Amino acid sequence: MTTLIRNGTVVNATGRMAADVLVDGETIAAVAAPGVFTEADTIIDAAGKYVIPGGIDGHTHMEMPFGGTFSNDTFATGTTAAAWGGTTTIIDFAVQAKGTSLLSTMDKWHEKADNHCAIDYGFHMIISDVNDSSLKEMESCIDAGVNSFKMFMAYPGVFYSTDGEILRAMQRASETGSMIMMHAENGIAIDQLVAQAIAAGRTEPLHHSLTRPPELEGEATSRAIQLAKVTGAPLYIVHLSARHALEAVAAARNTGQNVFAETCPQYLYLSIEDMKKPDFEGSKYVASPPLRPKDHQTDLWRGLRTNDLSVVSTDHCPFCFKDQKELGRDDFSKIPNGMPGVEHRMDLLHQGVVAGEISLERWVEISSTTPARMFGLNGRKGTIAPGADADIVVYDPTAKQTISAATHHMNVDYSAYEGMDITGKVDTVMSRGAVVIADGAFHGREGHGKFLKRDLSQYLI
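Position numbers for residues count from 1 along each chain, tracking the sequence in the order it is written. Local features are withheld for residues below a pLDDT of 70 in this predicted model, meaning they are given only at 70 or higher, and side-chain atom pairs are given and counted only at 80 or more; totals for whole chains, interfaces and linings count all residues. Computation of side-chain values covers all heavy atoms of the structure but excludes hydrogens and water.

Asks: Explain the pattern of salt bridges to me, using residue names and the numbers behind them.
Replies: The salt bridge criterion pairs a side-chain nitrogen of Lys or Arg with a carboxyl oxygen of Asp or Glu, the two atoms within 4 Å. Applying the stated criterion to the full structure yields 26 salt bridges. A salt bridge links Arg16 to Glu361; its shortest N-O distance comes to 2.7 Å. Within this pair, whereas Arg16 is found in strand E2 (residues 15-24), its partner Glu361 is found in helix H12 (residues 360-374), the two being separated by 345 residues in sequence. Per-residue accessibility, obtained with a 1.4 Å probe over protein chains only, is compared with the maximum for each type, and a residue is labelled buried under 20%, exposed over 50%, and partly exposed between these values. Taking relative accessible area as the criterion, Arg16 reaches 48% and is therefore assigned partly exposed. On the basis of relative accessible area, Glu361 is assigned to the buried category, the value being 15%. Lys450 serves as the salt-bridge partner of Glu26, at 3.7 Å between the closest nitrogen and oxygen. In this pair, Glu26 is assigned in the loop between E2 and strand E3 (27-32) and Lys450 in the segment after strand E19 (441-442), connecting sequence segments 424 residues apart. Counted as one network, the salt bridges with shared partners bring together Glu26, Asp120, Lys381, Asp389, Asp391, Arg432 and Lys450. Secondary structure elements follow DSSP: runs of H or I no shorter than four residues count as helices, runs of E no shorter than two count as strands, and numbering proceeds from the N terminus.

Okay, structure coming up:
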C-alpha cells in the first residue's frame, strides 16, 4: 500500500519546506517537490498543516509498581493515548526489584508490553540492586537492545544506590558504551526532611515539594556528574526540574563532558502553586522531582534553546486521584509519585512555538529527532526522510482545543492541565505506514506496535 501526503509543510529538525511525502508500506519512500507524485492508494491532504516525524517519548512508566499500587495506564491504554497526541514511540522503564535479575526483569516487561502496544516501544532498565551478577547482565541487556540503565540517588530502601554502587555501574557503562540515566535527588537528606515535616504535623501535599528543595536536586546532579567524569561514562539526567541542576549540567557540557538532560512539560507549565490547591487537590501534582516555583520555568525554556536541555519527555506515571493519590491523604509521603502526560506532550511543546520560546524546528528536535539519536533509533525514527519508518504526524497549527480529563484518552481520572486552552492539534497519525489516528477517531489496534531493539547512543559528543 502506498500513501501520499501532499500540500503540507514538512518540518524536520534541520529545516522546513513545502514537500510531498510518499509512503510505501512501512517506510518513507520519497520526500519530493509538490506535485512530483500524483497517484497513491491513499492520498492525505495536508494543506495548511505541518508534516512532522512522530514523537518519541523517552520516559514513560506503564503498569509501574509504586507504593503498593500500580500506575493506571496499561501498555495498551497508554500507547493508544500516546498515539492520540502524536507520539509514535515510547521507551518505558523495566523496574528491577531487589533480589531479582535484570534479564528476568526484561522478560517480565516483555510479557506486559508484547502484543499489547498500539505504537512501537523500547525499554530502559532500572538497576536497583547493584552486584556482580547485575553488572555482568548489563552486557546481555545491551545485546537484547536495552542499553540505557537508570539509577536512583533518591528513595532509600527502594531504588536508592550508594555512590559506590553508582560508580561501579558507571564503570561498566563506560566499558560497554551504554548510558547511565540518573534520578538526581539527595534521597538521604530528603528522607530526614520528610520525617521532620511529618513529625511536626505538616502532612499536606505541598510539603512533598518543600521537603525536596531544588538545592538537593542540584547537589545530586553535581555529584552524579563528577562520578561520571571519574568513570568516563555518558550521563543522562532524567526529569530535570530546577535551575540548580541545570547550571551543573551546563557547566559540565561546557567542558565537553558527555552529560545530557531532559525536562518534562509539567516543569515548563506547572508550579508549586498547583500543589497548594485545597481539598487535597494538590496531590494530583505530586511527582519527583516536585514542581518548583514558577521562576524556574524561564531557566528551563532557556536551557531548551541552548541545548543544555536536549530532550522533553513526560515521565508519564498516572495514578488516579480517587483511591490512589488518596492513599496519602493524611501523609504526603504516601501519595503515589507521578503525573499523567503522554497524550499532551507534543501539544504542550507546540505552545512553546506559539509563545516564541522555541522554533518550529526545535519543537521537532526536542520531541522526536534528539530522542531518536540519544537512544539509538537514528535513521529509523525521528525524521521525515527516505528509508525512515513512516511514523508521521500531520499537525494543524491553528486548531484550538481545551485539555480536559473529559476528553483525554489516558486511563486516569484527572488532567494536570485541566481547562488549559491551547493552539495546535494532531490531525492524522501514521505508525509505520498505518493510519492510527484520523478524522477524530482511533484506527489503530492493540498489538500493532513492535519492540525496538536499540543501538548504542548516536548522540555522544
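There is more to say, and it comes next.
Asks: Can you break down the layout of surface pockets residue by residue, with the values?
Replies: Considered as a void within the structure, the largest pocket measures approximately 390 Å³ in volume. Lining the largest pocket are 22 residues, with Phe66, Tyr155, Arg212, Ser333 and Asn337 positioned closest to its centre. Elements with a contribution of two residues or more to the lining of the largest pocket: strand E7 (65-66) and helix H5 (187-199). Residues are said to line a cavity or pocket when one of their atoms sits within 4 Å of a point; the points come from a 1 Å grid over protein atoms alone, cavities being sets where a 1.4 Å probe fits but cannot get out and pockets being open sets with protein on both sides within 12 Å along at least five of seven lines. Grid points are joined across faces, edges and corners, and a volume is the space filled by probe spheres set on the points. Estimated volume of the second largest pocket: approximately 320 Å³. With 3 residues, the top contributor of residues to the lining of the second largest pocket is strand E17 (residues 421-431). Of the residues contributing to the lining of the second largest pocket, the split by class is 4 nonpolar, 9 polar and 5 charged. Three categories are distinguished: nonpolar for Ala, Val, Leu, Ile, Met, Phe, Trp, Tyr, Cys and Pro, charged for Asp, Glu, Lys and Arg, and polar for the others, with Gly belonging to the last.

Asks: Describe in detail the side chain of His448, supporting the description with residues and values.
Replies: On the secondary structure map, His448 appears in the segment after E19. Throughout, a residue-residue contact means that at least one pair of heavy atoms, one from each residue, lies within 4.5 Å. Apart from residues lying up to four places away in sequence, His448 is in contact with Cys117, Ala118, Asp120, Ser431, Arg432 and Ala434.

Asks: Lay out unusual backbone geometry in plain terms, naming residues and giving numbers.
Replies: A cis geometry characterises the amide bond from Ser288 onward to Pro289, with omega recorded as -5°. Mapped onto the elements of the fold, Pro289 is located in the loop between helix H9 (265-269) and helix H10 (296-306). A positive phi angle, near 60°, is found at Asp279, a position not held by glycine. As for its position among the elements, Asp279 is in the loop between H9 and H10. Of note in this structure, Phe280 is not a glycine but carries a positive phi near 70°. Tracing the sequence through the fold places Phe280 in the loop between H9 and H10. Classification of Phe280 by relative accessible area gives buried; the value is 8%.

Asks: Give a description of the pairing of strand E1 (residues 2-12) that names residues and reports values.
Replies: Here E1 pairs with E2 via 9 bridges, running antiparallel. Counted as the bridge partner of Leu4 is Leu22 from E2. When DSSP locates at least two bridges between a pair of strands, those strands are taken to pair. Counting the residues between successive antiparallel strands, the hairpin from E1 to E2 contains 2 residues. In terms of strand pairing, E1 meets strand E4 (residues 42-45) through 4 bridges, oriented parallel. By the bridge assignment, Leu4 is partnered in E4 with Ile43.

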